[in-house]
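This is what each chain is made of:
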Amino acid sequence: MNLKLFGEFFVTLLVIVDPPGMVPVFLALTGSLPAKARNRAATQAVLLALGVIIGFAVAGQTLLDYLHVQLPALQAAGGLLLVLVALQLLTGKTDEPSDQGGGTTNVALVPIGTPLLAGPGAIVATMLFVQRAKSPDEYLILAAAILAVMATVWLVLRFSGVIVRLLKPAGIEVLTRIAGLLLAAIAVQLMADAIWAFVQLYTGQG
């Protein structure tokens, strides 16, 4: 039973986080950085995502209830943030600050750490599985699954430098524009889902 719960949550969270799909965006935002800085950005992003997911697993519903915030609102906020990042990638405005010391950390935390890794989908899935858990053992199983997913993500991002060496600067430039387009599509989908969720919520109540 515990193994089944671990497998269900691990696969669900891994599919939502989508490590292979994160690689183009990660490289677009960090491809011009030295290898050491890029690795540090990967570690910072994963640690932040881990903290956010665990935080919402422990107190997410309580926090949202206290703030009177519905989950679709969180989803729409994530979509708006991704629109801003997508516009930066499409217009090439991320190139200048990437060499500065603070730029690496900012990129690692936002948007990579959140809302890309620890986004609305990952948060909602985690909260739903936590609500299903009925014993301390099951909570530990969920925690182990979260750690396993974040370790997988870190490994994928950590070794994305191989792709950087293959693509060269011109390839990174093309990848940046493609990643911006993909992020824009993800952002629009997030906001559309949030609007539809609000419509269902309030028409259902009416």
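By convention here, each chain's residues receive numbers from 1 onward along its written sequence. A pLDDT threshold of at least 70 governs which residues receive local features in this predicted model, and a stricter bar of 80 or more applies before side-chain atom pairs are shown or counted, although totals over entire chains, interfaces and linings include all residues. Side-chain descriptors were evaluated using all non-hydrogen atoms of the structure, hydrogens and water having been removed beforehand.

Trainee: An account of the confidence of the model for the protein chain is needed here, citing residue identities and associated values.
Mentor: Caution applies to low-pLDDT parts of the model: their predicted coordinates are not meant to be read in detail. Per-residue confidence from the predictor is given as pLDDT, running between 0 and 100. Taken over all residues, the pLDDT of the protein chain has a mean of 84, while the share at 70 or more is 92%. By the criteria applied, helices consist of DSSP H or I runs no shorter than four residues and strands consist of E runs no shorter than two, each listed in order from the N terminus. Across the protein chain, helix α7 (residues 136-158) holds the top mean pLDDT of 95, while helix α5 (residues 101-117) sits lowest at 75. Throughout residues 95-102 the model reports pLDDT below 50, and contacts reaching past four residues in sequence, or to other chains, amount to five contacts. In what follows, a contact means two residues having at least one pair of non-hydrogen atoms within 4.5 Å.

Trainee: I'd like to hear about the packing of aromatic side chains, residue by residue, with values.
Mentor: Two rings from Phe, Tyr or Trp (for Trp, the six-membered ring) form a pair when their centres are within 6.5 Å of each other. A pair whose planes differ by under 30 degrees is stacked, one over 60 is edge-to-face, and the rest are tilted. Across all of its chains, the model carries three aromatic pairs by this definition. Judged by centre distance (5.9 Å) and plane angle (10 degrees), the rings of Phe6 and Phe10 are stacked. Separated by four residues within a single helix, Phe6 and Phe10 lie in helix α1 (residues 2-17), roughly one turn from each other. Considering the side-chain rings of Phe198 and Tyr202, the 6.1 Å spacing of their centres and the 10 degrees angle between planes classify their relative orientation as stacked. Taken together, the residues span about one helical turn, with Phe198 and Tyr202 both in helix α8 (residues 161-205) at a distance of four residues. Burial status follows relative accessibility: with a 1.4 Å probe on protein chains alone, a residue under 20% of its type maximum counts as buried, one over 50% as exposed, and anything between as partly exposed. Among the residues examined, Phe198 registers a relative accessible area of 25% and is labelled partly exposed.

Trainee: Account for the UniProt feature "transmembrane region" (unreviewed entry) in the protein chain, naming residues and giving values.
Mentor: The feature "transmembrane region" (unreviewed entry), as annotated in UniProt, sits at residues 6-29, 41-60, 66-87, 108-133, 139-157 and 178-199 in this numbering. End C-alpha to end C-alpha, residues 6-29 measures 32 Å, and it is 96% helix and 0% strand. In residues 41-60, helix accounts for 100% and strand for 0%; the two terminal C-alpha atoms are 26 Å from one another. UniProt positions are given in the numbering used here, feature names are shortened, and annotations may be inferred rather than shown by experiment.

Trainee: How would you sum up the pattern of salt bridges? Please name residues and give values.
Mentor: One speaks of a salt bridge when a side-chain nitrogen belonging to Lys or Arg is within 4 Å of a carboxyl oxygen belonging to Asp or Glu. Enumeration according to the criterion identifies one salt bridge in this entry. Taking the shortest distance from any N to any O, the salt bridge between Glu8 and Arg132 comes out at 3.0 Å. With Glu8 in helix α1 and Arg132 in helix α6 (residues 120-132), this residue pair connects regions lying 124 residues apart in the sequence.

Trainee: I'd like a description of the environment of Ser135, backed by residues and values.
Mentor: For Ser135, the position within the fold is in the loop between α6 and α7. Looking at Ser135, the relative accessible area reads 24%, which means it is partly exposed. C-alpha separation for the pair Ser135 and Ala125, spaced 10 residues apart in sequence, amounts to 18 Å.

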